[in-house]
Structures are given as C-alpha cells and as structure tokens.
Amino acid sequence: ICDTRLKIASYAKFDGNLKDALTEYIFVNKEAAKYKHESIEAWSDIYLCEVYTNLSKFEEALKHAKLGLAKMQKLNKNRGIGEASSNIGLIFDIIGKPDSALFYYSISITAAKKENNLPLLANTYSNIGVVNFYMGNYTNAIKNYELALEVNKNLITPNQRQTTC
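It should be emphasised that the depicted structure is a prediction, and the values quoted were computed from it without experimental measurement. (Residues numbered from 1 in each chain as written. Predicted model: local features only at pLDDT ≥ 70, side-chain atom pairs only at ≥ 80, totals over all residues. Heavy atoms only, no water.)

Overview of a nonpolar patch on the surface
Then, number 1: Taken together, F133, Y134, Y138 and Y145 make up a surface patch of nonpolar side chains, about 480 Å² in accessible area.
Then, number 2: Elements with a minimum of two residues in the nonpolar patch: α7 (118–134) and α8 (138–153). (Patch = residues over 30% accessible without salt bridge, like charges linked within 9 Å, V, L, I, M, F, W, Y side chains within 5 Å. Areas by Shrake-Rupley, 256 points an atom, 1.4 Å probe, with all protein chains shown as cover. Salt bridge = Lys/Arg side-chain N within 4 Å of Asp/Glu carboxyl O. Helix = DSSP H or I, 4+ residues; strand = E, 2+ residues; numbered from the N terminus.)

Here we look at the packing of aromatic side chains
Then, number 1: Under the criterion given, the structure shown has six aromatic pairs.
Then, number 2: Ring centres of F133 and Y138 lie 5.4 Å apart, and the angle between their planes is 65°; on these two criteria the pair is classed as edge-to-face.
Then, number 3: Accessibility expressed as a relative area gives 38% for F133, which makes it partly exposed.
Then, number 4: You can call Y138 partly exposed: its relative accessible area is 49%.
Then, number 5: Among the aromatic residues, those joined into a ring-pair cluster are Y25, W43 and Y47. (Phe/Tyr/Trp six-rings, centres within 6.5 Å; stacked < 30°, edge-to-face > 60°. Buried < 20%, exposed > 50% of the residue type's maximum accessible area, 1.4 Å probe, protein only.)

Some points on unusual backbone geometry
With the exception of glycine, most residues fall at negative phi, and the peptide bonds are largely trans.
Then, number 1: Backbone geometry places N76, a non-glycine residue, at a positive phi of 55°.
Then, number 2: One can find N76 in the loop between α4 (58–75) and α5 (78–94).
Then, number 3: Relative accessible area serves as the criterion here: at 59%, N76 is assigned to the exposed category.
Then, number 4: Not every positive phi belongs to a glycine, and N116 is a case in point at roughly 55°.

So, the packing of helix α6 (residues 98–115) against α7
Then, number 1: For the pair α6 and α7, interaxial distance at closest approach is 9 Å and the crossing angle is 160°. Between α6 and α7, the crossing angle belongs to the class labelled roughly antiparallel. Our pair here, α6 against α7, has a crossing hand that is left-handed. From α6, P98, A101, L102, Y105, S108, I109, A112 and K113 reach across to α7, where they touch L120, L121, T124, Y125, N127, I128, V131 and N132.
Then, number 2: Per-class residue counts for the contact of α6 with α7 are 11 nonpolar, four polar and one charged. (Axes fitted to C-alpha atoms, helices over the stretch in contact; angles between N-to-C directions. Parallel < 35°, antiparallel > 145°, perpendicular 65-115°, else oblique. Left-handed = near helix turned anticlockwise from the far one by under 90°. Contact = heavy atoms within 4.5 Å. Nonpolar A, V, L, I, M, F, W, Y, C, P; charged D, E, K, R; others polar.)

Section: the pattern of salt bridges
Then, number 1: The final tally for this structure, using the stated rule, is seven salt bridges.
Then, number 2: Here E50 makes a salt bridge to K13, at a shortest N to O gap of 2.5 Å. Taken as a pair, E50 in helix α3 (residues 38–54) and K13 in helix α1 (residues 2–14) lie far apart in primary sequence, 37 residues in all.
Then, number 3: For K13, a relative accessible area of 13% translates into the label buried.
Then, number 4: The residue E31 makes a salt bridge to K34 at a minimum N-O spacing of 3.6 Å. Here the residue E31 and the residue K34 both occupy positions in helix α2 (residues 18–34), the gap between them amounting to three residues, near one helical turn.
Then, number 5: According to the relative accessible area criterion, E31 is buried, its value standing at 17%.

A look at α6
Then, number 1: If you check α6, its first and last C-alpha atoms are 25 Å apart, about what 18 residues at 1.5 Å a residue would give, namely 26 Å.
Then, number 2: Next to the buried residues of α6 lie α4, α5 and α7.
Then, number 3: Once α6 ends, the next one or two residues include N116, with phi positive near 55°. (Expected span 1.5 Å × (residues − 1).)

A word on α7
Then, number 1: In this model α7 runs 25 Å from its N-terminal to its C-terminal C-alpha over 17 residues, within 8% of the 24 Å that 1.5 Å per residue would give.
Then, number 2: Looking only at α7, the buried set comprises L120, L121, A122, T124, Y125, N127, I128, G129, V131 and N132.
Then, number 3: Where the residues of α7 are buried, they touch α5, α6 and α8.
Then, number 4: If you check the start of α7, you find a side-chain oxygen 3.2 Å away from the backbone N of L120, and it comes from N117.
Then, number 5: Looking one or two places after α7, you find G136, whose phi comes out positive at around 85°. (Polar contact = N/O pair within 3.5 Å; in protein donor to acceptor, adjacent residues only side chain to side chain.)

Here it is as structure tokens:
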C-alpha cells in the first residue's frame, strides 16, 4: 500500500498539488515507521523535505531531510544519501548558510560518484557553482559549472549531442 501511496504523492507533487502530496507522504512516512520499513520511511522523509521546501517551510524540510539522511546512512544507500544531502545543501543555500550548503553538497558529490548518479552529480556541481558565485568565489563557480557541463555531456548520446545547443 505504501508503494501505491508514494506514486500518488509523486504524481500530486509533479502536478503542483502540494497539499495532496504532503498528505500522502505523511501517511506513507507513518505507515513505514509503524511497520519498520526503514527504506520507505527514509525515502518518504526525503520526499517530505522536497514538498516542505516548495512550501517554504524550511525548518520542517530540514528536519525531514536530516532524518532521511541519517536513515540512508544507516542503510548505506548512496543514492538516498546523495539526494538527502543535496536537499539539505539547497535548504542551507536558500536560508543563507553557504558554508553549510557546501558541506552537504560535498557529501552529495561523494555519494553520487559512488552510485554513478550522473544527473545528481551534474545538478550538485551546478548548485555548488551557484553558492560560490553568490559568495564572490567566481573561479570556483566557473570550475563547478564546467564540471556540471562535462557531466551533462555524458548524459546524452552522440546523436543527441548533435541536436543539443
């Protein structure tokens, strides 16, 4: 039942219906905790973080991201560690704590490399570039934008590259 509810929540989130997504993710989170399904509980915490971030409820988002990260670390799930760390980095960037953002982005980079998660790796390099840009570290910003671009080039096939700007 949790798997179906996660799908419903994801569709609601992508459709912009954050209230329904929040309701579904909270339900899944509670059910997963009740039945001690740690992986689903961890993912639902990460997804709750994303919804709370979209709602600008950063304290609640940070709480769930850190819970999800701790659970993913316990389970040794690099994909989840990368996603949760990236979310935490984003929140710290939004609330004006760039050093904390960079710390969590570095965790995300490490996990993304272990998992060979190229989309997350490219996105995290880009986010690091943004943080460095706003800190006035333009050389580091450019370096990370270039790394993101290089990873993105590996995401598309040679045929797709010919039609991509």
